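Letter by letter, the chains look like this.
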Amino acid sequence: VSAEAYGIASIRLELVLSTVLFLSRESFRLAMTRSGRSSAATTFVAWVPAVLGTILAAVVYIFGHNVFTVKEENDAFKLYCIAAALESISEPAHCVALARVEALP
């Protein structure tokens, strides 16, 4: 595989991963840090980006799997979508940890 082909595939795959994770979790992280909610509400809201990210990763795979014409690139695309879903599933733990941090002004 040439360096140019590797670079193009790597840029596309990282773009997919970054987009899925950004759209599914960043607004919730910002809202969690600004709100002073109880831990029960925090835990409930923390699951929203997990579900949203998993669904978004599946939708991106369903509609984007034909972009990569080489079988190996398509397999890598599938693994990146799975990685985005797994990282989204771990988001509630991050949100709960963020809610417990007490930052000084």
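**Student:** Describe the overall build of the chain, naming the residues involved and giving the relevant values.
**Tutor:** Tallying secondary structure elements over the chain gives four helices and zero strands in all. Order of helices (α) and strands (β) in the chain, N terminus to C terminus: α-α-α-α. Counting only C-alpha atoms, the chain reaches 50 × 25 × 15 Å along its principal axes. When each of the 105 residues of the chain is scored for burial, the buried share is 26%. Considering only residue pairs separated by 6 or more positions, the chain has 76% of its internal contacts joining residues 24 or more positions apart. The average position of the 8 basic charges and that of the 9 acidic charges among the side chains of the chain differ by 9 Å.

**Student:** Just give me the short version of the nonpolar core, but keep the residues and values in it.
**Tutor:** Leu17, Val20, Leu21, Ala57, Ala84 and Ala85 form the largest nonpolar core, which has six residues in total. Elements with a contribution of two residues or more to this core: helix 1 (3-34) and helix 3 (71-89). Sorting elements by how many residues they give to this core places helix 1 first, with three residues. In contact with Leu21, not counting residues within four places along its chain, are Glu26, Ala84, Glu87 and Ser88.

**Student:** How would you explain helix 3 if you had to name every residue and give the values?
**Tutor:** Compared with the 27 Å implied by 1.5 Å per residue over 19 residues, the 27 Å span of helix 3 between its first and last C-alpha is a close match. Within helix 3, the full set of buried residues consists of Phe77, Cys81, Ala84, Ala85 and Ser88. On an axial view of helix 3, the arc spanned by its buried residues comes to 95°, and they lie on one face. Every exposed residue of helix 3 that faces more than 90 degrees away from the buried side is listed here: Lys71, Glu72, Leu79 and Leu86.

**Student:** Outline the pattern of salt bridges, supporting the account with residue identities and numerical values.
**Tutor:** A full pass over the atoms with the stated rule returns four salt bridges. Linking Arg25 and Glu87 is a salt bridge whose minimum nitrogen-to-oxygen distance equals 3.2 Å. Within this pair, whereas Arg25 is found in helix 1, its partner Glu87 is found in helix 3, the two being separated by 62 residues in sequence. Judged by relative accessible area, which is 32%, Glu87 ranks as partly exposed. Lys71 is the salt-bridge partner of Asp75, the closest N and O atoms lying 2.8 Å from each other. Highlighted residues: Asp75 and Lys71, both in helix 3, separated by four residues, approximately one helical turn. Taking relative accessible area as the criterion, Lys71 reaches 58% and is therefore assigned exposed.

Definitions and limits used
- Residues numbered from 1 in each chain as written.
- Predicted model: local features only at pLDDT ≥ 70, side-chain atom pairs only at ≥ 80, totals over all residues.
- Heavy atoms only, no water.
- Helix = DSSP H or I, 4+ residues; strand = E, 2+ residues; numbered from the N terminus.
- Buried < 20%, exposed > 50% of the residue type's maximum accessible area, 1.4 Å probe, protein only.
- Contact = heavy atoms within 4.5 Å.
- Lys, Arg positive; Asp, Glu negative; His and termini not counted.
- Charge placed at Lys NZ, Arg CZ, Asp CG, Glu CD.
- Core = buried A, V, L, I, M, F, W, Y, C linked by side-chain atoms within 4.5 Å.
- Expected span 1.5 Å × (residues − 1).
- Arc of directions from axis to C-beta.
- Salt bridge = Lys/Arg side-chain N within 4 Å of Asp/Glu carboxyl O.

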